[in-house]
Structures are given as structure tokens and as C-alpha cells.
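# Survey of secondary and tertiary structure
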Amino acid sequence: MPSNLDQQAIDILRSNDRGGYTVPTARLYPYQWNWDSAFVALGFATFDLNRAWRELELLLDGQWCNGLLPHILFRQNDPDYFPGPSVWCTPNQQNGGGKFPSGGISQPPVLASIVRMLIESGGDDSRGKALFEPMLKWHRWYHRDRTPDGFDIVASVHPWETGRDNCPDWEPGLSRMAVDSDIEAYVRRDTVHSDPSQRPSKEQYDKYVTMIKFGRDVGWDQRRLTNEGPFLMADPGIHFILLRADRDLLALAKRFGREDCASEIQGWIAAAEGATNTLWNPELEAFCARDVRSGAFSCGFSSASALCFWADAGTDDQRAATLEHMRRIQAKVTYMLPSWDPDAAMFEPQRYWCGPVWPQMNHIISRGLAEQGEHDLANRIRDDLTALITKSGFRECFDPLTGEGCIGKDFSWTAAMWLAWLSPRAKTEAA
Ligand code: DGY
């Protein structure tokens, strides 16, 4: 008999189901989002494995010919969301795009790691095997089209590509770019569906729209977007998530008899291991986001800084310094781990990625710490998210000081993290 919170989580996933794919939450995010769907599959897998695979199959259905797996798939037009398909204006399939309109950028590539988790927890090899080739294509796209000329690290062309939209991490890149005076007038919808004080600022949105305009102007030529676009930052989140996903893809290649791609994937892993130090900010002694063109580092410890454990990356000294930052932060907040450093400028406990605790980040950070033997912090991060959901419900993110829920309600990935990781039932099954 499922507990009340288990049942609520199942009900949220069912009510956000739009026929094989799940919206993150009704109205505020009315389409399929890339990394949301990957995490959501873990939740579905606890009560409907077939539906979990369907989520991932429909996500990959939106892949572009060049391998790009977009951050949003617009299967229909919903005027309640800005910027919708007519703003992105991405190419159709005949012109190199996907089967339906989408964003022209990607999102953190957690998919291969999640497919591996599903398979290793008893999922169906044949459903996973069918996803291998498109996932390989997507990783190729990341390594080919998002590695800027002359650099050896994958970078992001838009803060939305990192999934951590308005984290202060992006200040070095945003402060160097101007708003294009030709951007069309627009009306935001996110500030209608949620508290504007918890969302990104108008200036940030003007810059987000400027980046989209650049993509449109170059016909979504991904190499031009990377090499010539207005924003280019390397993100510890993308770097560590991709490194981990490459390792997981390699394990899947071996499992599925695809040794033919092993040396290619090993090459990516070796290159990423070599590039990890590029993100080490010696002044702060932490992995930090870095503007590719100026070399400037962001100046705070973000939740992405803690993902080195998930990627099994960094030296012993770098990991020790990372743990020290986390213990410093632990003494400042009630709930771990905030998305931005409470000791750094621009910390705001309720504004989107400027401080709130994010469920899906807690999950991979905690798993990474546990895998590397850091059980105290791993458990603290898991237990804090359990307490947050119990106190404030299935919100998009949470204030790390008060535990108040922020922005979206009845949120899919929060429900999924409960079912797959936090529920007493999940813990018993994992034991
Ligand atoms: C949004 O609309 O806030 C999204 O995060 C963009 O992906």
C-alpha cells in the first residue's frame, strides 16, 4: 500500500503526463524538457516501467539530424509559454532539424546515466539498447559542436543549456555581452505563472532572447553558435555530467556489444579528464564556471561545483577542498545543498538558481558522494530533501534557509526523486 506521499507523487506524474511524455509542471512549463524527462523516467520506473521507457523514447524522438537533443520539444504550440516555437524558429527535418519544432540548444546530458540506472536496476535491455545509437549521436554532437575551436573543453552557448538558468555563475559571460537592440518586443509568461521575485530579471531575459536571436540569424548553425555567439561559458555542471554520462555510455556500449564505439568514447573521457583542471579556480579552490573567451572564473561555489564526485573527477586535494566548501556551506543553511554559495554576492535563497535547493541536483550530488565513500554528506543531502518535500510538498525548488517551496508546484522531477530515491519504500528496495 503506497504511503500518502508516494501516492501524491504518482498522481503528480500521472497528471503531468501528456500522452507518453511529461511536462515539468502545468502552465509554467507546458512542453517536454530534456533533463526533466530523464529524471522523470526514474520515477515512472517505480510503478510503470513501460511508461518510463516511453518517456525516454519520446524525448529522443525530437533529436536533430546532427545529433542535437534539444532542451525543449514543442509538440504543439502553447501561447502560455515564452519563448515558444515561433521565437526559436528552428529548422524542420528536411533542413536538418527534428520531427517537430524545438529549442535550438541542448541541456545537461544525464540521459545515458539514467538509462544505465534503469537497466542495472532490472530494466529491459532491449528498450535501452534501442536508445544507444541516438544517445551516442547526441554525445558526439556535444563533443564536436560544443567544443569551441582552439579549446579542449565542452562549453555552453546559453545559460539555459546548462539547466541552471540564472545562476550567478554566468555573470562573467553575461556582463561581457550587450542586448541586441533589434530583439523583438516580448511578453514574459513565467512571471504570470510564478512569483516574479523568484524568477530571472528582465535584463537577463533580454540577454537570453539576444542569444536566441543570434542562433536564428545563423540558421541554428551549431558550430557558428559556439564559435561566434554572444555567450560562451564552460560549466562544471555540463562538464561533470557529460564526463559521467560518457563513462556510463561506455559501460552500455560494452553491455550491448557495441565495442566498435569504445575507443571513441574512451577518447572523450580521456580528453575531459585532461580538461577538468581548466575549471579549477585556484583563488576560490573550487570547480567554477569559466568564460571561455576571457578566461574569467565565476566567484562562488555552486551546486555544480560538487558534481566532481558524480564524475569521479579531480585530484585528492581538489576533492578535499570541495568537501571543505560543502561543510562551510552546511554551517550556513538549514537544508543542503543550495544552488549558489550563501557567502558569495548575489545569493538569494528564493530566486531560481541563485540559492534554492534543487531536487535533481541533490540526487546526483548525493549519489556521487556516496559512490566515493562520503556517506555523511551524501546522507545529509538526501535527508534534507526528504525533509523539504515532507514540509513543503512537491515544489520545483526550496529555500535552503526556511524550507519554503519555490516557483512551480506539483513538479514532476520532485515527484520522481521522491519515488525513486527518498520514499521509505525506495530506501527499503535499495537496501
Ligand atoms: C525556462 O523557461 O525557465 C526554462 O528554464 C528554459 O529552459
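Above this text is the structure in question.
The structure contained in this document is the topic of the report that follows. Please read all numbers here as calculations on a predicted model, not as lab measurements.

### Details of the overall build of the protein
Of the regular secondary structure elements, the protein holds 18 helices and 8 strands. Computed over C-alpha atoms, the radius of gyration of the protein comes to 20 Å, within 12% of the 22 Å expected from 2.2 N^0.38 for 431 residues, which places it in the range of a compact globule. Projecting the C-alpha coordinates of the protein onto the three principal axes gives extents of approximately 55 × 50 × 45 Å. The 431 residues of the protein split such that 61% are buried. The long-range fraction of contacts in the protein, counting pairs at least 24 apart against all pairs at least 6 apart in sequence, stands at 71%. Within the structure as shown, the protein displays about 15,200 Å² of accessible surface, and the carbon and sulfur contribution to it stands at 48%. Placing the 45 positive and 58 negative side-chain charges of the protein at their respective mean positions leaves the two points 3 Å apart.

### Some details on the nonpolar core
Counting residues in each nonpolar core, the largest one holds 143 residues, and the members touching the most others are Leu111 and Met326. Here this core takes 10 residues from helix H12 (residues 236-255), the largest share from any one element. Apart from residues lying up to four places away in sequence, methionine 326 is in contact with Phe301, Ala306, Met336, Leu337, Ile365, Leu369, Leu377 and Ile381.

### As for the site of the ligand
Every residue close to the ligand is listed here: Tyr29, Trp33, His71, Tyr81, Trp160, Asp165, Arg199 and Tyr352. Separating an oxygen atom of the ligand from a side-chain N or O atom of tyrosine 81 is a distance of 2.6 Å. Bound to the protein, the ligand loses 96% of the 230 Å² it would expose on its own. Of the residues that constitute the shell around the ligand, the class distribution is 5 nonpolar, 1 polar and 2 charged.

### Considering helix H2 (residues 34-44)
Note on helix geometry: an α-helix contains 3.6 residues per turn, so any two residues three or four positions apart are oriented the same way. Counting buried residues along H2, 11 of its 11 residues qualify, which places the element largely inside the surrounding structure. All of the buried residues in H2 are Asn34, Trp35, Asp36, Ser37, Ala38, Phe39, Val40, Ala41, Leu42, Gly43 and Phe44.

### Quick look at the environment of isoleucine 238
Mapped onto the elements of the fold, isoleucine 238 is located in helix H12. Classification of isoleucine 238 as buried rests on a relative accessible area of 1%. Along the sequence, isoleucine 238 and serine 156 sit 82 residues apart, while their C-alpha atoms lie 8.1 Å from each other. In this structure, isoleucine 238 is in contact with Gln107, Pro108, Pro109, Tyr142, Val154, Ser156, Glu161 and Thr162, ignoring residues within four places of it in sequence.

### Some points on helix H1 (residues 4-15)
End to end, H1 covers 16 Å across 12 residues, agreeing with the expected 16 Å (1.5 Å per residue, within 8%). Check the buried side of H1 and you find it contacts H2, helix H16 (375-392), helix H17 (412-422) and helix H18 (424-430).

### Regarding the packing of H2 against H17
Think of two packed helices as two axes; the pair is described by the angle between the axes and how far apart they sit. The interhelical angle for the contact between H2 and H17, taken along N-to-C directions, is 35°, at an axis separation of 7 Å. The handedness of the crossing between H2 and H17 is left-handed. Across the interface between the two elements, Trp35, Asp36, Phe39, Val40, Leu42 and Gly43 from H2 touch Ser412, Trp413, Ala416, Met417, Leu419 and Ala420 from H17. Residue composition of the contact of H2 with H17, by class: 9 nonpolar, 2 polar and 1 charged.

### Thoughts on the pattern of salt bridges
Throughout the structure, instances matching the rule amount to 38 salt bridges. Across the pair arginine 351 and glutamate 348 runs a salt bridge whose closest N-O atoms are separated by 2.9 Å. Residue glutamate 348 is classed as partly exposed on the basis of its relative accessible area, which comes to 31%. Salt bridges linked by common partners bring Arg116, Glu120, Arg244, Asp248 and Glu371 together as one network.

### Some points on the packing of aromatic side chains
According to the stated counting rule, one finds 28 aromatic pairs in the structure shown. Here tryptophan 33 and tyrosine 81 contribute two aromatic rings whose centre-to-centre distance is 5.3 Å and whose plane-to-plane angle is 80°, an arrangement assigned as edge-to-face. Of this pair, tryptophan 33 sits in strand E1 (residues 32-33) while tyrosine 81 sits in the loop between strand E2 (72-73) and helix H4 (85-88), and the two are 48 residues apart along the sequence. The same class applies to tryptophan 33 and to tyrosine 81, which are both buried. Their ring planes at 85° and their centres at 5.3 Å tell us that tryptophan 35 and tryptophan 413 sit as a pair that is edge-to-face. With tryptophan 35 in helix H2 and tryptophan 413 in helix H17, this pair connects stretches of sequence that are 378 residues apart.

### Structural notes on the environment of aspartate 78
The topology assignment puts aspartate 78 in the loop between E2 and H4. Separated by 48 residues in the primary sequence, aspartate 78 and proline 30 place their C-alpha atoms 7.1 Å from one another. When residues no more than four places from it in sequence are discounted, the contact partners of aspartate 78 are Pro30 and Tyr31.

Calculation criteria
- Residues numbered from 1 in each chain as written.
- Predicted model: local features only at pLDDT ≥ 70, side-chain atom pairs only at ≥ 80, totals over all residues.
- Heavy atoms only, no water.
- Helix = DSSP H or I, 4+ residues; strand = E, 2+ residues; numbered from the N terminus.
- Rg over C-alpha atoms; globule rule 2.2 N^0.38 Å.
- Buried < 20%, exposed > 50% of the residue type's maximum accessible area, 1.4 Å probe, protein only.
- Contact = heavy atoms within 4.5 Å.
- Areas by Shrake-Rupley, 256 points an atom, 1.4 Å probe, with all protein chains shown as cover.
- Lys, Arg positive; Asp, Glu negative; His and termini not counted.
- Charge placed at Lys NZ, Arg CZ, Asp CG, Glu CD.
- Core = buried A, V, L, I, M, F, W, Y, C linked by side-chain atoms within 4.5 Å.
- Near = heavy atom within 4 Å.
- Polar contact = N/O pair within 3.5 Å; in protein donor to acceptor, adjacent residues only side chain to side chain.
- Nonpolar A, V, L, I, M, F, W, Y, C, P; charged D, E, K, R; others polar.
- Expected span 1.5 Å × (residues − 1).
- Axes fitted to C-alpha atoms, helices over the stretch in contact; angles between N-to-C directions.
- Left-handed = near helix turned anticlockwise from the far one by under 90°.
- Salt bridge = Lys/Arg side-chain N within 4 Å of Asp/Glu carboxyl O.
- Phe/Tyr/Trp six-rings, centres within 6.5 Å; stacked < 30°, edge-to-face > 60°.

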